[in-house]
Amino acid sequence: MRRLNRKKTLTLMKELDAFPKVPESYVETSATGGTVSLIAFTTIAFLTIMEFTVYRDTWMKYEYEVDKDFTSKLRINIDITVAMRCQYVGADVLDLAETMVASADALIYEPVVFELSPQQKEWQRMLQVIQSRLQEEHSLQDVIFKSAFKSASTALPPREDNSLQSPDACRIHGHLYVNKVAGNFHITVGKAIPHPRGHAHLAALVSHESYNFSHRIDHLSFGELIPGIINPLDGTEKIASDHNQMFQYFITVVPTKLHTYKISAETHQFSVTERERVINHAAGSHGVSGIFMKYDISSLMVTVTEEHMPFWQFLVRLCGIIGGIFSTTGILHGFGRFVAEVIFCRFRLGTHRSTSVPLPDGHTSNHLPLITDNSTH
């Protein structure tokens with residue numbers, strides 16, 4: 001009884017077989033079929049390799065939301081060289097509430113030579129090339145995000161030559177924390193002093209002929225310092241054409257959360273527009289000579305996440321490639337055989353056209369003559 005039930009079960013399973021097997025004696029192979037199969041296998045192998053390359057790659061996903069953090073401090077990382085002696089210039093920050101940041105005293109004033117060494121010039125040239133490519137191809141920013149902490153440092157390398165030239169410039173570098181509101185970081189003549197009615201610099205003791213606000217921005221960023229990230233103003237160099245010249249940078253800072261497979265950090269991106277003009281009160285161009293960076297904080301926050309294709313999606317795409325190529329090549333091969341058979345059939349009919357046979361009554365017969373056994377001898 002059990003054997004009978006087992007046979008019935010096997011018979012039922014055979015009837016449900018969606019992949020019936022064709023005996024090998026019924027299968028006909030051909031050279032064209034083998035050629036099509038070879039092309040199909042080659043195409044499958046090539047597309048499988050390409051799909052595996054896509055599977056290994058990652059991409060950056062951008063999400064936007066309202067920034068709800070208004071209480072934290074904003075960190076500004078600064079490394080700027082000004083072509084004036086350190087005792088003649090002062091740097092500080094004034095926010096929208098006219099609050100002077102006392103931590104600006106923590107910035108380091110280092111006497112240096114303004115002209116770069118050959119190695120430093122090569123570094124600056126390469127950084128400017130990268131900046132120009134970033135402006136043309138915005139997708140390169142994703143590559144920079146992925147390579148953060150892994151790529152080489154973007155800081156200015158130290159001088160490799162022992163220059164005997166006396167320092168003629170001042171390198172102002174360090175970081176400071178400011179309120180998360182719009183503000184103005186500036187470098188101008190004289191040291192900043194607190195004033196009950198506002199903000200002032202001791203510029204009266206500095207000779208007007210010593211004004212030279214030619215400068216080089218080796219690094220300027222907001223938020224957590226991430227090695228390998230290139231910011232829009234890194235490598236910028238401006239040469240003043242007049243003693244009374246004002247350089248202005250209008251910066252929009254966007255809070256950014258960066259999540260990759262290597263790092264997870266909270267930093268800030270920014271966009272910038274530049275303007276420079278000569279101060280001439282007689283011509284109506286008013287202002288103060290110096291370098292002014294006016295920044296504003298965006299109310300939107302960007303979350304940048306590195307994503308990867310799931311393994312199940314890779315398998316589904318791979319099955320689609322293999323099945324699609326087999327089906328497509330099978331259809332094309334069948335269609336090609338059909339067209340070839342139609343052409344060859346017409347050709348054979350053309351070569352075996354019927355011949356005319358004269359009859360005794362003067363008529364003609366278009367039928368082929370009957371072939372008998374006697375006619376074969």
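To start, this report covers the structure provided alongside it.

About the criteria used
- Residues numbered from 1 in each chain as written.
- Predicted model: local features only at pLDDT ≥ 70, side-chain atom pairs only at ≥ 80, totals over all residues.
- Heavy atoms only, no water.
- Helix = DSSP H or I, 4+ residues; strand = E, 2+ residues; numbered from the N terminus.
- Buried < 20%, exposed > 50% of the residue type's maximum accessible area, 1.4 Å probe, protein only.
- Areas by Shrake-Rupley, 256 points an atom, 1.4 Å probe, with all protein chains shown as cover.
- Pairing = 2+ DSSP bridges.
- Salt bridge = Lys/Arg side-chain N within 4 Å of Asp/Glu carboxyl O.
- Expected span 1.5 Å × (residues − 1).
- Core = buried A, V, L, I, M, F, W, Y, C linked by side-chain atoms within 4.5 Å.
- Contact = heavy atoms within 4.5 Å.
- Disulfide = S-S within 2.5 Å.
- Phe/Tyr/Trp six-rings, centres within 6.5 Å; stacked < 30°, edge-to-face > 60°.
- Arc of directions from axis to C-beta.
- Patch = residues over 30% accessible without salt bridge, like charges linked within 9 Å, V, L, I, M, F, W, Y side chains within 5 Å.
- Polar contact = N/O pair within 3.5 Å; in protein donor to acceptor, adjacent residues only side chain to side chain.

So, about the overall build of the chain. Scanning the chain from terminus to terminus reveals 5 helices and 16 strands. Counting every position in the chain, which comprises 377 residues, the buried fraction comes to 34%. Roughly 24700 Å² of accessible area belongs to the chain as shown, and the carbon and sulfur atoms make up 61% of that amount.

Judged by how many residues are buried, strand 2 (residues 74-82) sits mostly within the fold: 8 of 9 residues are covered. Note that strand 2 and strand 5 (residues 169-178) share 9 bridges and pair antiparallel. Of the residues in strand 5, the one forming a bridge with D79 is H173.

Before going further, it helps to spend a moment on the pattern of salt bridges. Scanning all chains against the criterion turns up 11 salt bridges. R171 is the salt-bridge partner of D79, the closest N and O atoms lying 2.9 Å from each other. Pair noted here: D79 is in strand 2 and R171 is in strand 5, with a separation of 92 residues, a long-range link. The exposure class assigned to R171 is partly exposed, which follows from its relative accessible area of 26%. Here E115 ties to K121 by a salt bridge, and the two come within 3.6 Å at their closest N and O atoms. Within this structure, K61, E63 and E307 form a network of salt bridges that share partners.

Let's shift gears to helix 2 (residues 31-56). Helix length check: helix 2, at 26 residues, gives a terminal C-alpha distance of 38 Å against a target of 38 Å (1.5 Å per residue), a fit within 8%. Among the residues making up helix 2, those that are buried are G33, A40, I44, E51 and Y55.

Now for the nonpolar core. If you look at the biggest cluster of nonpolar residues, it comprises 35 residues, and the most contacted ones within it are F185, I187, I251, M293 and Y295. Listing elements by their share of this core, those giving two or more residues are strand 2, strand 3 (89-95), strand 5, strand 6 (183-189), strand 9 (215-223), strand 11 (245-259) and strand 13 (290-297). With 5 residues, the single largest contributor to this core is strand 2. Each residue touching I187, except ones within four places of it in the same chain, is listed here: I80, V82, V89, G90, A91, I172, F213, G290 and I291. Counting 8 residues, the second largest nonpolar core, distinct from the first, contains I226, I229, V302 and V304.

So, on to the state of the cysteines. For the coordinates displayed, the defined rule picks out 1 disulfide. Disulfide pairing places C86 opposite C170 at an S-S distance of 2.2 Å. On the sign convention where negative means left-handed, the S-S torsion of about 105° between C86 and C170 marks this disulfide as right-handed. Of the two residues, C86 is situated in the loop between strand 2 and strand 3 and C170 in strand 5; the sequence distance between them amounts to 84 residues. By the burial criterion, C86 is buried, and C170 matches it.

A ring pair, where both rings are aromatic, is described by two values, the distance of the centres and the angle of the planes. The final tally for this structure, using the stated rule, is 9 aromatic pairs. Relative to F213, the ring of Y211 has its centre 6.5 Å away and its plane inclined at 65°; by these criteria the two rings are edge-to-face. Like F213, Y211 is buried. Site record: aromatic cluster; members linked through ring pairs are F52, Y55, F311 and F314.

Moving on to the pairing of strand 13. Of all the 8 residues making up strand 13, 6 are buried; the element is thus mostly covered by neighbouring parts of the structure. Bridging between strand 6 and strand 13 involves 6 bridges; their strand directions are antiparallel. The partner of G183 across the bridge, within strand 13, is Y295.

Given a rise of 1.5 Å per residue, 19 residues ought to cover 27 Å, and the 27 Å separating the end C-alpha atoms of helix 3 (residues 118-136) matches this to within 8%. Taken together, the buried positions of helix 3 are Q120, W123, Q124, L127, Q131 and L134. The buried residues of helix 3 occupy an angular sector of 95° when projected down its axis, which confines them to one face. Exposed side of helix 3, more than 90 degrees from the buried face: P118 and E136 are the residues found there.

Time to look at the environment of I187. Mapped onto the secondary structure, I187 falls in strand 6. A relative accessible area of 0% means that I187 is categorised as buried.

Taken together, the side chains of F335, F338, V339, V342, I343 and F344 define a hydrophobic patch exposed on the protein surface, amounting to about 600 Å² of accessible area. Positionally, F338 belongs in helix 5 (residues 311-351). Relative accessible area serves as the criterion here: at 52%, F338 is assigned to the exposed category.

Within the fold, T267 resides in strand 12 (residues 264-278). Among the residues examined, T267 registers a relative accessible area of 12% and is labelled buried. At 3.4 Å, the side chain of T267 forms a polar contact with the backbone oxygen of F222. What T267 contacts, discounting residues up to four positions off in sequence, is F222, G223, E224, I226, V254, P255 and T256.

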